[in-house]
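# An overview of the molecular structure
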Amino acid sequence: MMADKKNDTNFTDERELALAARNEFESKNFSACMDKLKSLNSLTQNDPKIQHNMCVCHFHQSGFQHVENLKKGLKQVCNHVHVDPENATSVEDTDHAILFFNYAVILYHQRQHNQAIRILEKLFQVIEPLEDKLALQVLLLLAESCLSTHQPDKALRPLGYIDKQMTSSKQPTDKSEKKEAKDVESDFVALCEKNKAKIHQLKTKCYLQLKHMRFCKRELKSLMTSSSTGHTSAALFLKSNFEYERGNFRKANKLLTGAQHDSDPWQSGESVLVMYYNNLGCVHFYMGKYHLSCHYAKKALTENTEAVQSLVKKSSQRRTSRPLHTMGFSRHYELLYNAGIQLLHAGRPLAAFDCLIETIQVYSTNPRLWLRLAECCIAANRATPGLENTSKGMPDSNKHGVVKNVVGTGQHRKVILSAGASEKKYSNDMKSAAIPVASLEFGSLCLCNALSLLPSEMAPETPSSSSSTGNGLEQPDSSSTSSSGGPKSPLPGTTPAFPGPPLKSYEVLNLRCSILACSSYVSLVLGDYLVALHHAKDLLSVPGLTGSLNYLGHMYAAEALVHLNRISDAIQHFTPEHAQDVSVVYPATQDQEKDRERVDKADPTPNDGNEPQEAQGPRTRQSQPTSPECAKTTVYVNLAAALAIRNEWDKARKCLMKSCSFLPVHEMPQQALMLAIYLELQSGNVPLALQMIKKQQMVPYYKAVEAQMNQPPSSTSTSNPTATAQPPWQDKSPWRK
């Protein structure tokens, strides 16, 4: 009896100490809480729960700074109860759930999101018996982790569970269920109501990543009308992101400017200024203001560096380590990735290469990043900078001229022509191609890496007749919704492309075509013509190819065949039919059409009629001809060059004259002028060649074409069908009045 009485007294003391320790912890009086936990630990003889609570209390007492001590303490507790959160297949005892959760919290803040998701999914399987507060924390952290890894479909599962619990508690069917629902309402649902703003933010992020604008607009409305969160920086940033996805870039810019930019990284674990400048850079990038976007990207990088340095300085002053929530603070590599893309579009490939080559050590499995590195190498190694004519998309060759030097006097005076396109294209030095410099050899290696990272076989989706909307994610129809009132999640089957969202099947196919086109070009410049021909044939074998890539594929294949002395095979690619379409837009897939319909249904007038609708997507500079006339000119010039190699001078001259029918004289490429001079010299017409050299224009050819166009049709010359046919370019010629 006395022993039983003593046990009851000890149990009462333990219970009182436990309640007192909990009250002190909730009051943030961690010193008193630690004293009571030590007293409780002496009574319970090293209870693992008490040891766990002591680790957590000590961690809070240190200001979330002693992360290594927390990990060490959690590991000791896990060893004591024989639990391994990372390798366990499931949570066998719900008393161990708090160990799993705390371990996942550490992984999340250290940006090991995939490991955190694996642990949290084990807790999600046993979510019902968990305490209400712990269950809600597990659900919210799981949603955050899934969003950090671009998995909005998985993030909707825990959020849907929350909605289901809140909906079922408000719709009881009988008295027993009503009583049970009342209990749920007072516990779990009450906690959900307190965290309603956070739940709306997570839903908004999910629908933004899924491009479900109608559901996103509904969640944003609930978030913005809330008195407590309506004007916070998080809500304004989400609203700005929503307008950005709809193409209202000016409105997105205005919302970003209205957000509060002051924040303490030591307390919040994030810098609003870094996000502000980065988002401004993205908005101006899609407005086509590349240099301004580069300016904001630089400011974002500077703010990020200064914020990290301030954290390090503050931790050194306090002689402590950084808090846990600041471990994953730096966004250096994501910002560098954005800056590299913006610099590449701004015409600064060397600076872009320096940015992207630094990010490759973190995002080495991103095939799109390897392609961007190769594009930097290609742009940096062009023979003539500024090759594109911004108005017509043809090489602006007259800036450099064809005369390199003039030597001698009198009858010994000689004109030395420039090498033109026959200049040295690649170096023969013995440097390794693996050295990360902006060379074509390294660009070829980047393209090989990009091609190897893509799935070996990807079934192409059935294209439709509509044009692409440019949305990058494969989505289900917005008419299908889940039980929680949201859209159904799309099926997996994507290729990871961090730091961006994963690539869908049609995006992988488009990316493969771009890689093959760049690979063929680089191989041509490096003199590897068999490989160039192989890549060009692989490109042309892709069904549903865009007009521009189809045109480039034929041009690259023909050039490789010419270098391989297969002129007859090359001439088959030089046909004007391949230059009828030079568009860069892929046919829209069924999923992309559903995305566009979903956005249209969500908001038929996204700018509310106050602003002109802005075009979505960056206005990229294009190296290929941007009009069929320019493409046809290139085809006929190349055909003339191929015929000249076979010494068919008359046919080559006719093809060259034909090329003069599509563009004015001042827009003809330098290669055409060099070829015309060569043909006249081969024909012995030295005065005409000298005249073209002096004027640096193909004026005689244009005069011949104009005379032929003004010649009246002859009814007797029926053998030549072009002599009596109306020239298709007569009314469309840009230089004729």
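I will try to describe carefully the structure that is included in this document. (Residues numbered from 1 in each chain as written. Predicted model: local features only at pLDDT ≥ 70, side-chain atom pairs only at ≥ 80, totals over all residues. Heavy atoms only, no water.)

### Details of helix 15 (residues 272-286)
Stated formally: Helix and strand labels come from DSSP, where a helix needs a run of H or I of at least four residues and a strand needs a run of E of at least two; each type is numbered from the N terminus. For a helix, the expected span equals 1.5 Å multiplied by the number of residues minus one. For the exposure calls, accessible area comes from a 1.4 Å probe over protein chains only, and a residue counts as buried if that area is under 20% of its type's maximum, exposed if over 50%, partly exposed in between. The contact definition used throughout considers only heavy atoms, calling two residues in contact when any of these lie within 4.5 Å.
Across its 15 residues, helix 15 extends 21 Å between first and last C-alpha, which sits within 8% of the 21 Å expected from 1.5 Å per residue. Buried residues of helix 15: Val272, Val274, Tyr276, Tyr277, Asn278, Leu280, Gly281, Val283, His284 and Phe285, and no others. Here the buried face of helix 15 lies against helix 12 (233-246), helix 13 (249-258), helix 16 (290-317) and helix 17 (332-345). Gly288 sits one or two residues past helix 15 and shows a positive phi near 85°.

### A look at a nonpolar patch on the surface
Selection criterion: Grouping into patches uses exposed residues only, defined as over 30% relative accessible area, and leaves out salt-bridged ones; the cut-off is 9 Å for like charges and 5 Å for nonpolar side chains (Val, Leu, Ile, Met, Phe, Trp, Tyr). Methods summary: accessible areas were calculated by the Shrake-Rupley approach with a probe of 1.4 Å, and residue burial reflects only the protein chains presented. A pairing counts as a salt bridge when a side-chain nitrogen of Lys or Arg comes within 4 Å of a carboxyl oxygen of Asp or Glu.
Nonpolar side chains collect at one region of the surface, where Leu681, Val686 and Leu690 lie side by side and expose about 250 Å² of accessible area between them. Along the chain, Val686 falls in helix 29 (residues 686-695). Judged by relative accessible area, Val686 falls into the partly exposed class, the value being 40%.

### Re the packing of helix 16 against helix 17
Each pair of packed helices can be described by the angle between their axes along with the distance between the axes. Selection criterion: Interaxial angle, 0 to 180 degrees, is taken between N-to-C directions of lines fitted to C-alpha atoms, where a helix line uses only the stretch in contact. Comment on the angle field: the value is read as roughly parallel under 35 degrees, roughly antiparallel over 145, roughly perpendicular from 65 to 115, and oblique elsewhere. Each crossing is labelled by how the near helix is turned from the far one, with a counterclockwise turn of less than a right angle marking it left-handed and a clockwise turn marking it right-handed. Note on residue categories: nonpolar means Ala, Val, Leu, Ile, Met, Phe, Trp, Tyr, Cys or Pro, charged means Asp, Glu, Lys or Arg, and polar means any other residue, Gly included.
Two numbers describe how helix 16 lies on helix 17: the axes approach to 9 Å, and their chain directions differ by 160°. Classified by the angle their axes make, helix 16 and helix 17 are roughly antiparallel. Read as a crossing pair, helix 16 and helix 17 show a hand that is left-handed. Where helix 16 abuts helix 17, its residues Tyr290, Ser293, Cys294, Ala297, Ala300, Leu301 and Asn304 lie against His332, Leu335, Leu336, Ala339, Gln342, Leu343 and His345. Among the residues making up the contact of helix 16 with helix 17, the classes are represented as nine nonpolar, five polar and no charged.

### Considerations on the nonpolar core
Selection criterion: Think of a nonpolar core as a cluster: buried Ala, Val, Leu, Ile, Met, Phe, Trp, Tyr and Cys residues, connected wherever their side-chain atoms sit within 4.5 Å.
Counting 62 residues, the largest nonpolar core has Leu120, Leu123, Ile127, Ile162 and Phe188 as the members making the most contacts within it. In terms of residue count, helix 7 (residues 132-148) provides more of this core than any other element does, eleven residues in total. Setting aside chain neighbours within four positions, we find Leu120 in contact with Phe101, Ala104, Val138, Leu141, Leu142 and Ser145. Counting 60 residues, the second largest nonpolar core, distinct from the first, contains Tyr296, Tyr337, Leu343 and Leu371.

### Looking at the pattern of salt bridges
In the structure shown here, the tally under the stated rule is 19 salt bridges. Among the salt bridges present, the one from Glu144 reaches Lys198, with a minimum N-O distance of 2.4 Å. Separated by 54 residues along the polypeptide, Glu144 in helix 7 and Lys198 in helix 10 (residues 196-210) bring together distant segments of the chain. Its relative accessible area of 14% is what places Glu144 among the buried residues. Glu219 serves as the salt-bridge partner of Arg218, at 3.6 Å between the closest nitrogen and oxygen.

### Observations regarding the packing of aromatic side chains
The line we're drawing: Aromatic rings from Phe, Tyr and Trp, taking only the six-membered ring of Trp, are treated as a pair when their centres fall within 6.5 Å; an angle between ring planes under 30 degrees marks them as stacked, one over 60 as edge-to-face, and anything in between as tilted. Here, a charge over a ring means that NZ of Lys or CZ of Arg falls within 6 Å of the ring centre while also lying within 35 degrees of the ring normal.
For the structure on display, the rule yields 15 aromatic pairs. Judged by centre distance (5.6 Å) and plane angle (70°), the ring pair of Phe59 and Phe64 falls under edge-to-face. When its relative accessible area of 7% is taken as the criterion, Phe59 is described as buried. Since its relative accessible area comes to 31%, Phe64 is described here as partly exposed. Each ring, one from Tyr276 and one from Tyr277, has its centre 5.3 Å from the other, and the planes form 55°; the classification is tilted. Grouping residues by exposure puts Tyr276 and Tyr277 together as buried. Each member of the aromatic cluster is reached from another via a ring pair, and the members are Tyr244, Phe249, Phe285, Tyr286 and Tyr290. Its end group placed over the ring of Phe215, Arg214 keeps NZ or CZ at 4.9 Å from the ring centre.

### Things to note about the environment of Val699
Among the structural elements, Val699 can be located in helix 30 (residues 699-710). On the basis of relative accessible area, Val699 is assigned to the buried category, the value being 16%.

### Describing unusual backbone geometry
Cis geometry marks the peptide bond from Phe498 to Pro499; its omega dihedral reads 10°. Turning to its location among the elements, Pro499 is positioned in the loop between strand 3 (463-467) and helix 21 (505-526). For Arg111, which is not glycine, the phi torsion reads 65° and is therefore positive. Not every positive phi belongs to a glycine, and Asn565 is a case in point at roughly 60°. Looking at the secondary structure, you find Asn565 in the loop between helix 23 (547-563) and helix 24 (567-571). In this structure Asn565 comes out as exposed when scored by relative accessible area, which is 62%.

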